[in-house]
Amino acid sequence: MRKIDLTGFSVLLLQALIICKILPSDCFIFPGLKRQNEISAKTKMYNVFRNYQRVLFGNIYDSDGIDDEDEECAGVIRVLSLPVESIKPGGLRLFLMLHLMGMQNTPQKGAWSVDQPTTEEYAVDLYFHDKTAMLMIRLTETEVLIDRMGSMPSTSYVMQEAIVVDSILKELELMTHEGDIKDEDRLILLKSQNSVEELRDDLSFG
């Protein structure tokens, strides 16, 4: 039987109580929540739910462990899935962090904020300033996943999301063949050389 970390569980329970406004947001027991209050309540509750699953069941509900219906109920929409032949997730995450930090002020100052939500998986989160939605990028051994969190994104968010996702795809495509680099030294190799172009066509990027 899996041993449950009661300390971690207690912290998550406190976080849930604060989000549900049963405890005040400035509760001294959980001061780290102050920064998270900048995120929508729905996003925070989803993160609590995922962390709660990890405490009780480990990673069996991560990634593909949650089916599409559950993801949609939580307001999570799969934007794209890019199969890879090989990947160096640590290096690629760092590259994406730097690339997206360079886009934080597009189209205006403070439009986006970038975060590394966990050290347990290779992930980058991108929050939009109007807090109607966010992008979640996950790097696994077999694919690059980009999900949207938010059931009612603003028109402005949708327009800017398309620009950000297109820029990510362009960078990933360049990484696979640009320069005189051995395949084993590249941060990412795609399953198919045409996969990025096919995704861009599916997403209607010009």
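Computed from a predicted model, the values in this text were never measured in an experiment.

A look at the overall build of the chain
When you go through the chain residue by residue, the secondary structure sums to 7 helices and 6 strands. Ordered by position from N to C terminus, the α and β elements of the chain give α-α-α-α-β-α-β-β-β-β-α-β-α. Across the 206 residues in the chain, those meeting the buried criterion constitute 42%. A separation threshold of at least 6 residues defines the contact pool for the chain, and within that pool the share at least 24 residues apart is 59%.

Here's the deal with the confidence of the model for the chain
Of all residues in the chain, 63% attain a pLDDT of 70 or more, and the chain-wide mean is 76. Across residues 22–40 the pLDDT falls below 50, and counting only partners more than four positions away or on other chains, this stretch makes 23 contacts in the model.

Quick word on the sheet that holds strand 5 (residues 143–149)
Strands in a sheet are paired, the pairing made by backbone hydrogen bonds, and the direction either parallel or antiparallel. Taken in spatial order, the 6 strands line up as 2-3-4-5-1-6 in an open sheet, and their pairing is antiparallel. Edge positions in the sheet fall to strand 2 (112–115) and strand 6 (188–190), since each of these pairs with one other strand and no more. The sheet shows a mean angle of 30° between the axes of neighbouring strands, taken without regard to direction. This element, helix 5 (residues 89–101), spans strand 1 (76–87), strand 2, strand 3 (122–128), strand 4 (134–139) and strand 6 of the sheet and lies at about 15° to strand 3. The sheet contacts of helix 7 (residues 195–202) involve strand 1 and strand 6, and relative to strand 1 the element is tilted by about 170°.

Re the packing of aromatic side chains
Going through the model one piece at a time under the given rule, you end up with 3 aromatic pairs. Between Trp-112 and Phe-128, the aromatic rings sit 4.7 Å apart at their centres with planes inclined by 55°, giving tilted as the arrangement. Taken together, the residues span a long stretch of sequence, with Trp-112 in strand 2 and Phe-128 in strand 3 at a distance of 16 residues. Take Phe-128: its relative accessible area is 3%, and that puts it in the buried class.

Section: a nonpolar patch on the surface
Taken together, Leu-94, Leu-98 and Met-101 make up a surface patch of nonpolar side chains, about 310 Å² in accessible area. Inspection of the secondary structure puts Met-101 in helix 5. For Met-101, a relative accessible area of 43% gives the class partly exposed.

A word on the pairing of strand 2
Strand residues, when the strand is regular, have side chains that alternate between the two faces of the sheet. Two elements, strand 2 and strand 3, share 4 bridges in a ladder whose sense is antiparallel. Across the sheet, Asp-115 pairs through a bridge with Asp-125, a residue of strand 3. Counted along the chain from strand 2 to the antiparallel partner strand 3, the turn is 6 residues long.

Some words on helix 7
Taken as a whole, helix 7 has its buried residues at Ser-195, Val-196, Leu-199 and Arg-200. When helix 7 is viewed along its axis, its buried side chains cluster within an angular range of 135° and face the same direction. Facing away from the buried side of helix 7, by more than 90 degrees, are the exposed residues Asp-201 and Asp-202. In this structure, the buried side of helix 7 is in contact with strand 1, helix 6 (155–177) and strand 6.

Thresholds applied
- Within each chain, residue numbers correspond to sequence positions counted from 1 in written order.
- Where totals are concerned, whole chains, interfaces and linings use all residues; where local detail is concerned, this predicted model gives features only for residues with pLDDT of at least 70, and gives and counts side-chain atom pairs only at 80 or more.
- To obtain the side-chain values, all non-hydrogen atoms of the structure were used and water was disregarded.
- In DSSP terms, a helix is any run of H or I states spanning at least four residues, a strand is any run of E spanning at least two, and both are numbered starting from the N terminus.
- Buried means the residue's accessible area, taken with a 1.4 Å probe over protein chains only, is under 20% of the maximum for its type, while exposed means over 50%, and partly exposed covers the values in between.
- Two residues qualify as a contact provided that any one of their heavy atoms is within 4.5 Å of a heavy atom in the partner residue.
- pLDDT measures the predictor's confidence residue by residue and takes values from 0 up to 100.
- Any two strands with at least two DSSP-identified bridges between them are counted as paired.
- Between N-to-C directions, angles span 0 to 180 degrees; the directions come from axes that are lines fitted to C-alpha atoms, helices contributing only their stretch in contact.
- Under the pairing criterion, centres of Phe, Tyr and Trp rings, with the six-membered ring standing for Trp, must be within 6.5 Å; the plane angle then separates stacked pairs below 30 degrees from edge-to-face pairs above 60, leaving the rest tilted.
- For patch building, the residue pool is restricted to those with more than 30% relative accessible area and no salt bridge; the joining distance is 9 Å between like charges and 5 Å between nonpolar side chains (Val, Leu, Ile, Met, Phe, Trp, Tyr).
- We get accessible surface area from the Shrake-Rupley algorithm with a probe of 1.4 Å; when it comes to residues, only the shown protein chains can shield them.
- Think of a salt bridge as a Lys or Arg side-chain nitrogen and an Asp or Glu carboxyl oxygen that are within 4 Å of each other.
- To obtain the arc, one takes the directions from the helix axis to the C-beta atoms.

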